[in-house]
Structure formats: C-alpha cells, structure tokens
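Each chain is listed here by its residues.
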Number of protein chains: 2
Amino acid sequence: MLDETRGARYQRCKPHMEREDLDVLVALSPENVLYFAETYIQTQASIRERLAIAVLPLEGEPAIIACQIEKPSVEAETWIADRRYYVEAQRSPIAMLAEALKEKHLEDKRIGIELNYLMATYYCELVQLLPRAQLIPCSRIFDQVRAVKEQREIRLLSYAGLQTVRAVEAAVRMTRVGDSENDLAVRMIKNMFDGGAQSLEFMCLGSGLRSEMAHCAPDPRVLLEDESVIHLDFGGKFDHYNSDIARDILVGRRSAKHEDIYKRLTDCYVRGIEELKPGARACDIYQFTKEQFERAGLPFTMSLVGHGLGIGVHELPMLIPGETKALEEDMMLCYEIRTIVDGYRYHIEDLIHITSSGHEVLSQPELDTTMLWIQPDLF
Amino acid sequence: MLDETRGARYQRCKPHMEREDLDVLVALSPENVLYFAETYIQTQASIRERLAIAVLPLEGEPAIIACQIEKPSVEAETWIADRRYYVEAQRSPIAMLAEALKEKHLEDKRIGIELNYLMATYYCELVQLLPRAQLIPCSRIFDQVRAVKEQREIRLLSYAGLQTVRAVEAAVRMTRVGDSENDLAVRMIKNMFDGGAQSLEFMCLGSGLRSEMAHCAPDPRVLLEDESVIHLDFGGKFDHYNSDIARDILVGRRSAKHEDIYKRLTDCYVRGIEELKPGARACDIYQFTKEQFERAGLPFTMSLVGHGLGIGVHELPMLIPGETKALEEDMMLCYEIRTIVDGYRYHIEDLIHITSSGHEVLSQPELDTTMLWIQPDLF
C-alpha cells in the first residue's frame, strides 16, 4: 500500500526526476494540478486560459500559482505552502511562473513541463521570458506516478464503476418500447447523480444504425420494436474520479442475430479479461484480443483494447500495440472491446482492478454477459 | 437576421481574413470545430490529444481532419466535403494538417491558427513540418464571428437559461432545512436534465462561510437554520449551448443582514442591466457597475461584470476594463455581479439578449430580485 500522506505524490516523482535529470516539474493540466497539488480548480477546465500551475522542484519548496478568484478554494485545500495568485487579464500566469522559477534559480535548468497541455501562446511567452531554460516534456512521469492507484482511489473508482452500472441497469428496467432515447438517457443520468456522481462526463447513446457512431448523442427518437440494438458508452465523475462503462441493449423483440454477435464478442471479452494480471504486457493483451476476434470471426478495427482510468478518462496503462510495459498490482483499467457488423456497433467495457495475483471486475462482481433488454410495454 | 445556411459561418470569416491579410484559418478547439465545421466531436474535450481540425482557406475548398473513431459522426454532420481521418497513435493529426496545407499551397503563407488552444508539443511539430509558414493567432476572429448570435442560437440559449432557473427554483421549493447541500444540488441537476439539458457543466454550491469559494463543490453537510446563506453558480449545456446562472439562497430563519446586502447588490444589478443596449461600450458598463457598488457601499473586487455566452462559457463580449468594443444587437451575455461581505459571497447572474433597442432578461422574464428561500421543515 502506498503512502497516502499529503505531498507524498510529489515525493514519488523524485526518483523519476533524478533518472531523467530534471531539476523541476511543472504541472499545468487540471488532472495533474488536482493530483499533485491536491486542489481542484474548477474553472481550469471550462475557461482554459485561467491556468493553474504547480511547481515541483527536485530540491527546495514547491509552489502553486492560481487565479485570484480561486484563492479561497486553494487556501482551503492544497498542502503547498507557497501560494501565489494572479488577477485575470491584469497579470499573466506565465510571467508568475517565470518569476517563481527565477527565484528558485531554475531559469537555466532542465524544466520538465506538460508541453502536451500548455497552449502555444503561453509556450512562446515562457520561451521569451526564460530563453536559457530547457523545456522538456514530462507528462510521462506524471502518468507513471498516477498509474498505480492509492487505496482511496481504488475505493472511489470501484464505487463509481458500480454505481454507474447500477444506474444503467435500473434505467433499462424502467424503460419500455415506445419511450425515447432521451427518456432512457435521462433515467441513467438521474440514477447516476442519485448514486453520488458529481458530474456527467459523457453520455453516448444511439439506437439502431446510429449505434455505429462511437459518440452519438441521444435524441428524441422513439425506441421501436424492430430488432433494434442500442449502443451505450457512459461515465461520470465521483469526487473527481471517472467511471466509464459500455454496453449494448436489445429493444423489444429479442433478436437471435444481435444476441449471437454479442455472445461472440463477450466470449472474447471473458478470455481477454483472464489475461489481465501483474506482469502481463499491454501489447500482448492487445495481440491476444486480436487473435480472439479472428477465432470468433469478428471484424477487428480497434486501436486500443483498454486504458487506465482515474482522474483522467484515458490514463496509463494503455492497451495498445507497441506498449511493452507490464501491468502492475493496483492499476485500475477499463478493458473494452467493440466490433461493427452490418452498421451496428457492439461494445462492452468494465472496470478492472489488477490485484496481486490477477484481477477483479469491479463494475460487475458477478460477470454477466447477457445483453440488457428493454421489454415491450405489455399494458 | 443572419444567414443560417450551412457554411455561412465560414463565409462570415472572410472579411476578417482579408482585413488581417490571412490566407487560411485553422480551427482546433472543440468550440470552433463545432461552430465552423458543424460537427460535434465528443472526445476532443475529454481526450485532448485527439485533435480535430477545420482548415478554412480564403480561397479554395475547406477540409476537416478528425480521428478515425469519429468518422461516422463527422460524415453524418459536417458540411465540409474534404474529410480526412487519422488512426490514433499511428498517424499524427499535425502531419495531416501540414499535408493539407501543402496541397493547398499554403505552406509558406500567413496561417491564422488557434495558438491559445494548440498544445506546445503539436505547435513544435507544426513549426518543424512547415518551417516557412507564418503562424498567427486568430482566435479573436472566431470570437468576433461567434459573438453575434443566429436566431436558432438565441432560441437555444434562451431555452437553456429559462430551464436552468426553473430547475433551481423548483429544487429550492422541494428542499427543507435539514436536507444536505448534496440533496439540493442533485435536485437542481435532475430538474435540469428533465428540462432537456445534455450535460452538467458546473455545479458550484456552498453554504455558510463556504460560500466564499467561487467554485465550491456541494458536499453532504446538512443545511441548518443558522442564518445561513447558500451561494450557487450553476450551468449545463442544451444542444451544445451553455446556461450560466448565479443566485444566493436563504436557509431557514430569514435574515435581515443577508437580505439587506442582497438587496443592495440587486439594486446595482437592476441599474446595471438598464445600461445594456446596442452601442454601449463594455468598459463603460464595467465602470458604471463599479460606481454603483461605491454608491451602495459594497466591496468591489470583480475583474469582469459579464461575459458572452454560447458554445463557450466565456465568449465575447467580455465586460472588462479596457474593452472599448460596443454591444451589438443579438449578442447574448451574462450580466453577473458579486460581492463578499464578512466571508459570505453574494452573487447574481442572468442571461441577457441585446435587442435592437435595448435588452431582454431571458432567464427571468419578470425580473424578481428577492432572495430564494429554503423554508424550515414544519412537520
């Protein structure tokens, strides 16, 4: 079990910094500011220019820079003692970052910074203010530190996954042929908020041939008894941690065709999940899954068959070709496979905890791969 | 009334491109890809590296570049004929952008691009691939084109604002002293989804001295009859268009102190709203509001007193010092003012439509500035 004391996550970065010869890490994304500074700055996500910055040096004290409007939250939450605030449109957050780095004598050092988040305008400003600095991408370090979850994170993600599946299943039970896509989606969403979600992250729901769209928005169309299938990919945040679940749902008359394809897909799924254990390489799981699809005679077009889940929706480990890193105990990931046959999308995804000896399917403790079913209205 | 035919928004960029001598505009943010390419690419927001790009040249045909996984949605939605897709982790979206610009003989031209969105990693890749290109920030052009709303946008925003206020008011009526912050927040959220929202964008709700936090997350604490006040700032998206409403709510015993401050604040509010009309300069509205606060004896610490609302939460017009642009007919904006007294935050915000002769308060057709009130439970 990892140390969960405040600031411990920053300490876990230091061996990586030494290995990559970095003198400081600069966190900028909402995910990494939340994880490392332990404060949630809501407007970072909706108003992108309102940067928040955590400065995490190898030696010396860390600092945080945030918009003045967020001061009461930051003061109440972060463990970082050196807190600095800028007034929007009056002082640039990047000028304050440059100043902090100069104070710490880091202006000509090797600076690890989230260059895959930092906007180009801000990047050019920083290069101009610190012409002798070496700006080096460092997201991979943050990703690696975040990949193995703390016990509290495992509890939160487990709760989130289970509540999301329950929200889906209860909404399906409440829905009948003749209701609309929107009716079904709103029931799922309301159930998820009743289950403790703080936000809806995505609600992708499409019936019939609209299931082909990976991220279809539900609309007012009525669910008809025409051998239809609904594709669902759905998740919210619970205390900043994501859920992410995919299912297919039968509508009305049961359909041997849809059920046969879903059965073949879930057979691959069950076999794939068996491979998830410490030491298994991400690329090998991808390859194994691909082989199962070939055996089952299903089209395989996925660029990934799973992804870590946490504060972010796609975290390490990524189950993609070429990723030779192995799974580790206390990684949390979504195993997800999908296929498209005759314009219909079939998709299943659950939350998996990598344990010391194997795995647990947290979002479905009793793994049940029969299709969800919206019944005809008998009244 | 503006032309609402497909592609018309792109045509409205052209006079700006000519004025600023730009040969092409490149849209990258989820907001501008949605607005100009008229396709919503869901994962752009949650998985940032999955870029979608609209290439909008002054002469010749536009193009769109998106992740392969989004192909069915893009094919169904966009009006752009030249559609290109990359497979994630196999082909870089920036390499495809460079290729498209070369095909169009724009590789050494003046390229307007959203540098305040583009991540530094991608920026450096683009500079390397197109060393002779002049990359020029162009977000201001997109912002200006989006600032004056089409009739459909006005209807959507109006609906969104009204449904959000109704969701708040109905939740307050259903809530009693002894319920929790979470109870109240979940009721508002569920009402908003019942009213047609597709997403929750933010739910900032804090009672008592937690109201000081601008973006406080509701928690399980119980609402007590202790002369408390709740601060609320709340919004969702309706068919991609935002709502954004702020209120203060009294809990239990009515409080002359809270009501007096709220009354003084809303007096400033009513006077400020009267200033909103075509021709009024943003900076003058800011200054006028500041003077009202001084007259009312309220602390004034706002860096803005309002912002445009649309696909984005903060759009033009921004009611900030130094913004000399005037309001125009069919702009849609939130007028919002707030003050903090003795650690309590007082805040009010509504949606305003600038009409040919003045304004309408769309989220409250009968402007009522009495405080919302959660009643004691009498049973």
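Further up the page is the structure itself.
Just so we're clear, the structure is a prediction, and the values are computed from it rather than from any experiment.

Rules of the game
- Residues numbered from 1 in each chain as written.
- Chains lettered and ligands numbered in written order.
- Predicted model: local features only at pLDDT ≥ 70, side-chain atom pairs only at ≥ 80, totals over all residues.
- Heavy atoms only, no water.
- Disulfide = S-S within 2.5 Å.
- Buried < 20%, exposed > 50% of the residue type's maximum accessible area, 1.4 Å probe, protein only.
- Pairing = 2+ DSSP bridges.
- Helix = DSSP H or I, 4+ residues; strand = E, 2+ residues; numbered from the N terminus.
- Axes fitted to C-alpha atoms, helices over the stretch in contact; angles between N-to-C directions.
- Phe/Tyr/Trp six-rings, centres within 6.5 Å; stacked < 30°, edge-to-face > 60°.
- Lys NZ or Arg CZ within 6 Å of the ring centre and 35° of its normal.

Remarks on the state of the cysteines
All names here are of chain A.
Here is step 1: Taken as a whole, this structure holds 0 disulfides over all chains when the rule is applied.
Here is step 2: Summary of cysteine pairing: Cys-216 is not part of a disulfide, and the nearest cysteine sulfur, belonging to Cys-204, is at 8.0 Å.
Here is step 3: A relative accessible area of 3% places Cys-216 in the buried class.
Here is step 4: Cys-268 carries a free sulfur, and the closest cysteine sulfur to it, the one in Cys-334, is 18 Å from it.

Quick notes on the sheet that holds strand β2 (residues 53-57) of chain B
Residue and element names in this part refer to chain B.
Here is step 1: One open sheet accounts for 6 strands, arranged β4-β3-β2-β1-β5-β6; its pairing is mixed. Only two strands of the sheet have a single neighbouring strand rather than two, namely β4 (82-86) and β6 (134-137). Neighbour-to-neighbour, the strand axes of this sheet turn through a mean angle of 20 degrees, independent of strand direction.
Here is step 2: Sheet topology note: the strand β1 (residues 24-27)/strand β5 (residues 110-113) ladder contains 3 bridges and is parallel. Bridge pairing in β5 places Val-24 opposite Ile-111.

Re the packing of aromatic side chains
Here is step 1: As enumerated under the stated definition, the model contains 16 aromatic pairs over all chains in all.
Here is step 2: Each ring, one from Tyr286(A) and one from Phe300(A), has its centre 5.5 Å from the other, and the planes form 80 degrees; the classification is edge-to-face. Of this pair, Tyr286(A) sits in helix α11 (residues 282-296) while Phe300(A) sits in the loop between α11 and β11 (306-308), and the two are 14 residues apart along the sequence. Judged on exposure class, the residue Tyr286(A) and its partner Phe300(A) are both buried.
Here is step 3: Measuring from ring centre to ring centre gives 5.2 Å for Phe293(B) and Phe300(B), while their planes differ by 85 degrees; the resulting arrangement is edge-to-face. When sorted by exposure, Phe293(B) lands in the same class as Phe300(B), which is buried.
Here is step 4: What links up through ring pairs into an aromatic cluster is the set Tyr35(A), Phe36(A) and Phe142(A).
Here is step 5: Here Arg254(A) stacks its cationic end above the ring of Trp373(A), 5.5 Å away from the centre of that ring.

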